[in-house]
Amino acid sequence: MKNKKVWKFLGVILSVSMMFTLNGCGSDKKEKSQGGSNTDHAEFSWDMCSGDTITVLFNEHQYVTPIIEKMEDFEKLTGIKVEHSTIPESNYFDKIGTLLNAKSDKLDIFMTGPYQIWEYGSAGYMEDLQPYIDNDKKTNPDFDSDDFFQSILDSARWDGVEGHEMGTGPLLGLPMGFESNVMIYNKRILDEKGLQVPKTTSELLETARALQKHNGENSYGVALRGELGWGTIITAYQSLYKMWGATDFEVEGDKLVSKVNSPEAVEMTDWYVKLIQEGGSPTWASATWSSCGGELGAGTAAIMLDATNNAFSQTIPENAAEAENLVIAPIPLPDGKTDADTKSQLWTWSLAMNSASAHKDAAWLFLQYFSGKEYQNESSVSAKIVNTPRQSSYDQDAYQELLKNSEGFVETFDATVDYTRMYYTPETYFFEVSQTWCQTLQELVEGKYASTQEGMDKLKEKLDEIVSHIEITE
């Protein structure tokens, strides 16, 4: 009996000891205050995890370059060693998925987009960052999460339930930068043809028709992505789809049900098909991000609907022959809609923490450093990050100077940033759904169906089958 009590007592001591060992940085460190002294109830200090090592996996992207350039500064400030590698996107998500599925503690920080959050977040692989932000012992008082554009920060909030919109629930990442969808047009070509800048979708269709072969056989009105894949659907198409009042899925009972054959969805898609057929590229079905931008910049296309980074890059003289003639504007509104109906589909890269990380406090220091004001203000200019996710970075004189030669950029950003968000309904079959949707859009342009209604009816059947395994649990 006495031995049992002794073992029970030792077990309690061991449990308490382990609790203190695992809570925080290292095995026996106490947080340091700004003055450098150890204290049990310390204020925030950048070197509180000195001696720790964290592992970071990056996707190959322009957002990563300034992080790597500042890595040594971070290591000197914090005493944390960062082991990092950069992988091309073609292999990146396979590597991340393998590590997360294995619940490996060999990965602390990774990059993610909204679509991957639906897979990783619902599986519990992503750490909720809000408790760290709310903890003034772990977060620099200058971090200021309210400085992020709210709609952009909320693009990484999700409650983990498929069919529920993003914007509420745990904060699963911090944005590195983001892209919205806009229109960019060649004012020289429009002026030469005596055409006005289109403000509505009817006007856009008429203008695109008038611009077909504006400068020879291969020139055309409006550049749009058409390559088979998710990028064709979740850019300009999705922005217009939502402005039209259409939705992709709705929750009915415990099932996700496709709504792609609703009157609004059919009407919008019918208009979009006409825009491609009568005012688009003759090689639309193979059009990519880069080919659309390149043909706009060369003057082959007179208008483009695409992401802001693509539009911005074509306004830089060394990138495009027509740079000085290009003007950025919001995507035209469907007839009868007002500015309040503006929608711009979002893409963002975020930094996230592996929930299986063994160095969460050190990982949080990395996350807040590389999403903080000081870093964002510098990198947004040096790396020409379009768009920066922080209001203070956007407002600074150096960033506004960067944007000033991109005519219409600032006005368009100000008009659309609050309406830029993830409008697609979260679900874990996103890539299969968007691929199937894009294939139907290509078939409609080819004239495979007797009507757009027929094509969208068949698409609904396919999408309902794809998501049939999803059960909605509130």
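Below: a short report on this structure. (Residues numbered from 1 in each chain as written. Predicted model: local features only at pLDDT ≥ 70, side-chain atom pairs only at ≥ 80, totals over all residues. Heavy atoms only, no water.)

### Structural notes on the packing of helix α11 (residues 263-279) against helix α19 (residues 430-446)
When two helices pack together, their arrangement is given by the angle between the helix axes and the distance between those axes. Quick note on the threshold: The axes are straight lines fitted to the C-alpha atoms, using for helices just the contacting stretch, and the angles between their N-to-C directions are given from 0 to 180°. A run of H or I in DSSP becomes a helix once it reaches four residues, and a run of E becomes a strand once it reaches two; helices and strands are each numbered from the N terminus. Convention used here: angles under 35 degrees read as roughly parallel, angles over 145 as roughly antiparallel, angles from 65 to 115 as roughly perpendicular, and any remaining angle as oblique. Each crossing is labelled by how the near helix is turned from the far one, with a counterclockwise turn of less than a right angle marking it left-handed and a clockwise turn marking it right-handed. In this description, contact between two residues means that some pair of their heavy atoms is separated by no more than 4.5 Å. The residue classification treats Ala, Val, Leu, Ile, Met, Phe, Trp, Tyr, Cys and Pro as nonpolar and Asp, Glu, Lys and Arg as charged. All others, Gly included, are polar.
It is the contact of α11 with α19, at a shortest axis distance of 9 Å, that shows an interaxial angle of 60 degrees. It follows that α11 is oblique to α19 by the angle criterion. Both α11 and α19 take part in a crossing whose hand is right-handed. Side by side, α11 and α19 meet where Thr269, Tyr272, Val273, Ile276 and Gln277 of the first sit next to Leu441, Leu444 and Val445 of the second. Among the residues forming the contact of α11 with α19, the class breakdown is 6 nonpolar, 2 polar and no charged.

### With respect to the sheet that holds strand β12 (residues 347-353)
Heads up, the rule is: Two strands make a pair as long as DSSP finds a minimum of two bridges between them.
If you trace the 5 strands from one edge of the open sheet to the other, you get β2-β1-β3-β12-β4, paired in mixed fashion. The sheet is open, and its two edges are formed by β2 (81-87) and β4 (174-179), each paired on a single side. Strand-to-strand twist of the sheet, defined as the mean angle between neighbouring strand axes without regard to direction, takes the value 15 degrees. Each of β1 (53-59), β2, β3 (109-112) and β12 is contacted by helix α4 (residues 89-101), which is oriented at about 140 degrees to β1, the strand it contacts most.

### Notes on helix α20 (residues 452-466)
Quick note on the threshold: A helix is expected to reach a length of 1.5 Å times the quantity of its residues less one. Relative accessible area decides the class of each residue, using a 1.4 Å probe on protein chains only: under 20% of the type maximum gives buried, over 50% gives exposed, and in between gives partly exposed. This arc is taken over the directions from the axis of the helix to the C-beta atoms.
With 15 residues, α20 should cover 21 Å at 1.5 Å per step; its first-to-last C-alpha distance of 21 Å lies within 8% of that length. Of the residues making up α20, those classed as buried are Thr452, Gly455, Met456, Leu459, Lys460, Leu463 and Ile466. Buried residues in α20, looked at end-on, bunch into an arc of 145 degrees, giving them a common side. Residues Glu461 and Glu465 are exposed on α20 and point more than 90 degrees away from its buried face. Where α20 is buried, its residues touch α10 (230-243), β7 (249-252), β8 (255-258), α11 and α19.

### Structural notes on the nonpolar core
Defined as follows: By nonpolar core is meant a set of buried Ala, Val, Leu, Ile, Met, Phe, Trp, Tyr and Cys residues that side-chain atoms within 4.5 Å join together. Note: domain ranges come from an automatic or database domain assignment.
With 117 residues, the main nonpolar core has Leu174, Tyr272, Leu351, Phe366 and Trp437 as its most contacted residues. Counting residues domain by domain, this core receives three or more from each of domain 1 (53-179 + 348-414) and domain 2 (181-345 + 427-469). When near neighbours in sequence (up to four residues on either side) are disregarded, tyrosine 272 contacts Leu224, Ala236, Tyr237, Leu240 and Leu441. Core analysis: the second largest hydrophobic core is formed by 26 residues, Ile184, Leu296, Val386 and Tyr394 among them.

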